[in-house]
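A look at the structure
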Amino acid sequence: MMHLGRKAMIAAMAASTLMVAGCATETTYRPATGQGFNRTGYSERRIEPDRFIVSFAGNSVTSRDTVERYLLFRAAELTLQNGFDYFVMANRDTDRQSQVYTTPGIGGFGGFGGYWGPAWRYYGRGFGWRTWDPWFGGFGPWDNGFDIRQIDRYEATAEIVMRHGPIPRDNLRAFNARSVVDTIGPSVVLPKAN
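Residues numbered from 1 in each chain as written. Predicted model: local features only at pLDDT ≥ 70, side-chain atom pairs only at ≥ 80, totals over all residues. Heavy atoms only, no water.

What follows deals with the pattern of salt bridges. Within the structure shown, the criterion is met by 10 salt bridges. Among the salt bridges present, the one from Arg 39 reaches Glu 155, with a minimum N-O distance of 2.2 Å. With Arg 39 in the loop between α1 (2–22) and β1 (41–48) and Glu 155 in strand β6 (residues 146–163), this pair connects stretches of sequence that are 116 residues apart. Of the residues examined, Glu 155 reaches a relative accessible area of 11% and is grouped as buried. For the salt bridge of Arg 74 with Glu 77, the shortest nitrogen-to-oxygen distance reads 2.5 Å. With Arg 74 and Glu 77 both in helix α2 (residues 64–81), this residue pair falls 3 residues apart, about one helical turn. A relative accessible area of 5% means that Arg 74 is categorised as buried. Here the salt bridges share partners, and the residues they tie into one network are Arg 39, Arg 153 and Glu 155. (Salt bridge = Lys/Arg side-chain N within 4 Å of Asp/Glu carboxyl O. Helix = DSSP H or I, 4+ residues; strand = E, 2+ residues; numbered from the N terminus. Buried < 20%, exposed > 50% of the residue type's maximum accessible area, 1.4 Å probe, protein only.)

Turning to the pairing of β1, a few remarks are in order. Taken together, the 7 bridges between β1 and strand β2 (residues 51–57) define a ladder with antiparallel strand orientation. Paired with Gly 41 across the strands is Ala 57, a residue of β2. Here β1 hands over to β2 after 2 residues, the two strands then running antiparallel side by side. (Pairing = 2+ DSSP bridges.)

These figures come from the coordinates and say nothing about function on their own.
The structure is reproduced here in structure tokens:
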């Protein structure tokens, strides 16, 4: 009987996770929080007095465009905070990270948590063993209670070098920090004040 309670608890946790994910909003522009796949926000690491590695990680509903825009904004903001005029992107990359979640459904294997239910297994040539259940699924080897979802998120990282003075005209990787802040700034979503 403890096995049934455990399955019910896992199903309830999976349902609440999916409900929270359904209500999620894009990552706001803020310092990074969390770890691993759950880390969101911006972070930077100083390599030399005028060189940083800057990153911005979004959650599963933050678009790649937003992640890259916030990275550029953070690079410009950091450049101004350190007293420089422009920055050069020495290196830049955007990584898509994926995780696959499998959640048990109400039925489990064989219906009603796997303990009872009119479910039949049969062997289909070319398909292997399959299950048919009139209440909790249709035909298929993974029917009856499993939901498989892939969650993607983006993280952009750049190595920037900060400089003083006017931008060299022939350097397409150089960005005027003040212009980037003025142009992108109005589209940046900050966390709501408490």
